[in-house]
Amino acid sequence: MERYSKNLRPCLSQLKPYVAGKGYTEITRKYGIPQERIVKLGSNENPYGPSPKVIEALRSISSERYPETEVLMEGLARYTGYPEESIVVGTGMDGVMDTLTRIFLDRGDRVFIPTPTFSYYEILTVMSGGQPIFKERLDGYDVPTDVPRDVKMAFICSPNNPTGNQTSENDIIRVVESTDGIVFLDEAYVEFADKSLLGLVKEYDNLVVGRTTSKAFGLAGLRLGYAVAPEWIAEQYRRAAPPFFGLSCASVAAGVAAMKDLDFMHQSVSKILSERERLTRKLNARPSQGNFLYLETKAASGSVADSMMGKGVIIRDCRPFRGAGDHHIRVTVGTPEQNDSFLEAYEEICA
Ligand SMILES: Cc1ncc(COP(=O)(O)O)c(C=O)c1O
């Protein structure tokens, strides 16, 4: 093995594998709980799924053909209000960020990452040979706006996963104006928030706003993300992106149909918002602008998460989020019934 493992890139040794939310299969195998009794609130998915128009569109895809993206780009242009020349797509927002880091980051490049936040930014930075510069978020999880010198990129998540707060327009402007680096504003959860800062892309040549269909549109399993970028960045992106941007006929057909049925998305968001309010009140939780709550636990988060899973309720233990410590969990807002099951188990375990 050693004969061949010397070929591995040394940066790999800095990383632990990304820890995703637990799935049905693992819980069924570990605790013998059948899937229909499991309440899955660990991955910030949308329990209402996609529009019925998406399901219909998926029935007529030509699986033997490579995908064509023109109509999808038109739909995203309508939805975002930006021209197609400013829009890039990828295999989830993860795929979009992967291509972006490949066009900007080289060995030793510094990348600003305020923590705790989505862990994939760190993985992408390290795998590009870059050096993450972590700074803890301030009180209320605000982003520190004194951007470290000479950063090539900054990753700002808003609403932030896992803490749920949004970064103010003033703070984003401060970050964008105080650096020559590229600022990636991750708006994966923005449809659940009061405000989007997408309009700022028109004003700044170093701001890219990432979006996804995984959350509000209920398409997590189809892996379709996009970003709105200044045209000069979108042009370079197209040089480095994988063939067909890493999309499939299924993700394209689903995206096209989803963009034609915004009513469905708005209805599912509004159901989630009213449940978010109910859960926030009931748990006296810190306010969230995403489809999830960030909760401080008295007991260690690992043991809370394990006990919850034993009762068939999957939530996220936040320990793998750098800087979140070991007393926080994150729970996705589900349907009223799912949230009731969560509340019942949580009250029993944390009473
Ligand atoms: C903040 C944030 N950004 C990006 C992603 C990835 O989104 P996608 O499913 O589009 O790859 C997630 C997924 O949970 C996320 O929480």
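Residues numbered from 1 in each chain as written. Predicted model: local features only at pLDDT ≥ 70, side-chain atom pairs only at ≥ 80, totals over all residues. Heavy atoms only, no water.

**Re empty space enclosed by the protein**
Applicable threshold: Only protein atoms enter the calculation, which uses a 1 Å grid: trapped sets of points that fit a 1.4 Å probe without letting it out are cavities, open sets showing protein on both sides within 12 Å along at least five of seven lines are pockets, and any residue with an atom within 4 Å of a point is a lining residue. Grid points are joined across faces, edges and corners, and a volume is the space filled by probe spheres set on the points.
Applying the stated rule across the entire model yields one cavity of 30 Å³ or more. The space that makes up the largest cavity amounts to roughly 40 Å³.

**What about the side chain of Asn291?**
Which entries qualify depends on this criterion: Strands here mean DSSP runs of E at least two residues long; helices mean DSSP runs of H or I at least four residues long; both are numbered from the N terminus. Within 3.5 Å is the distance limit for a polar contact, defined as a pair of N or O atoms, with the added protein rule that one can donate a hydrogen and the other accept it, and that residues adjacent in sequence qualify only through two side-chain atoms. Whether two residues touch is decided by their heavy atoms; if any such pair falls within 4.5 Å, the residues are in contact.
In this fold, Asn291 is placed in the loop between helix H10 (262-283) and strand S9 (292-296). Of note is the side chain of Asn291, whose polar atom sits 3.2 Å from the backbone oxygen of Asn44. Other than its neighbours up to four places away in sequence, Asn291 contacts Asn44, Glu45, Tyr189, Phe192, Ile272, Val331, Thr332 and Val333.

**As for the site of the ligand**
Note the threshold: Proximity is defined per residue: if any heavy atom of the residue lies within 4 Å of a molecule or strand, that residue is considered near it. Working definition of accessibility: Shrake-Rupley area with a 1.4 Å probe, residue cover restricted to the visible protein chains. Assignment of a molecule to a cavity or pocket requires that more than half of its atoms lie within 2 Å of the corresponding grid points. Any residue that is not Ala, Val, Leu, Ile, Met, Phe, Trp, Tyr, Cys, Pro, Asp, Glu, Lys or Arg is counted as polar, Gly included; the first ten are nonpolar and the last four charged.
Near the ligand, the surroundings consist of 13 residues, among which Met93, Asp186, Thr212, Ser214 and Arg223 are the closest. Within the side chain of Tyr189, an N or O atom sits 2.7 Å from an oxygen atom of the ligand. Coverage of the ligand by the protein amounts to 93% of the 400 Å² it exposes when considered alone. Comparing atom positions with the cavity grids shows the ligand to sit within the largest pocket. When the residues that make up the shell around the ligand are grouped by side-chain class, the tally is five nonpolar, four polar and four charged.

**Observations concerning unusual backbone geometry**
A cis geometry characterises the amide bond from Thr115 onward to Pro116, with omega recorded as -5°. With respect to the helices and strands, Pro116 occurs in the loop between strand S3 (110-115) and helix H6 (120-127). Positive phi is not limited to glycine here, since Tyr141 has a value of about 60°. Along the chain, Tyr141 falls in the loop between strand S4 (131-136) and strand S5 (151-157).

**Remarks on the domain arrangement of the protein**
Filter applied, for reference: Note: domain ranges come from an automatic or database domain assignment. Values labelled buried area give the accessible surface lost by two parts on being combined, using a 1.4 Å probe and summing over both. For this document, the term salt bridge refers to a Lys or Arg side-chain nitrogen within 4 Å of an Asp or Glu carboxyl oxygen.
Segmentation of the protein into domains returns domain 1 (2-48 + 263-350) and domain 2 (52-259). Averaged C-alpha coordinates put domain 1 and domain 2 at centres separated by 22 Å. Across the contact, 32 residues belong to domain 1 and 34 residues belong to domain 2. Summing both sides of the interface, domain 1 and domain 2 together bury roughly 2800 Å²; the carbon and sulfur share of this comes to 62%. Together, Met265, Gln289 and Arg322 form the three largest contributors to the area buried by domain 1 at its contact with domain 2, with a combined 25%. Scanning the region where domain 1 abuts domain 2 turns up one salt bridge.

**Considering the state of the cysteines**
Using the following cut-off: When the sulfur atoms of two cysteines come within 2.5 Å, that pair is taken as a disulfide.
A complete count under the given rule lists zero disulfides for this structure. Cysteine Cys318 remains unbridged, with the sulfur of Cys157 as its closest cysteine sulfur at 13 Å.

**Concerning the packing of helix H5 (residues 92-104) against H6**
Cut-off, in case you're wondering: Every angle, taken between N-to-C directions, lies between 0 and 180 degrees, and every axis is a line fitted to C-alpha atoms, over only the stretch in contact when it is a helix. Angle categories: roughly parallel below 35 degrees, roughly antiparallel above 145, roughly perpendicular from 65 to 115, and oblique for all the rest. Two helices that cross are described as forming a left-handed crossing if the nearer one is turned anticlockwise from the farther one by less than a right angle, and a right-handed crossing if clockwise.
Their axes nearest at 10 Å, the elements H5 and H6 cross at an angle of 30°. The angle between the axes of H5 and H6 places the two elements in the roughly parallel class. Read as a crossing pair, H5 and H6 show a hand that is right-handed. Of the residues in H6, those touching H5 at Asp94, Met97, Asp98 and Thr101 are Tyr120, Tyr121 and Leu124.

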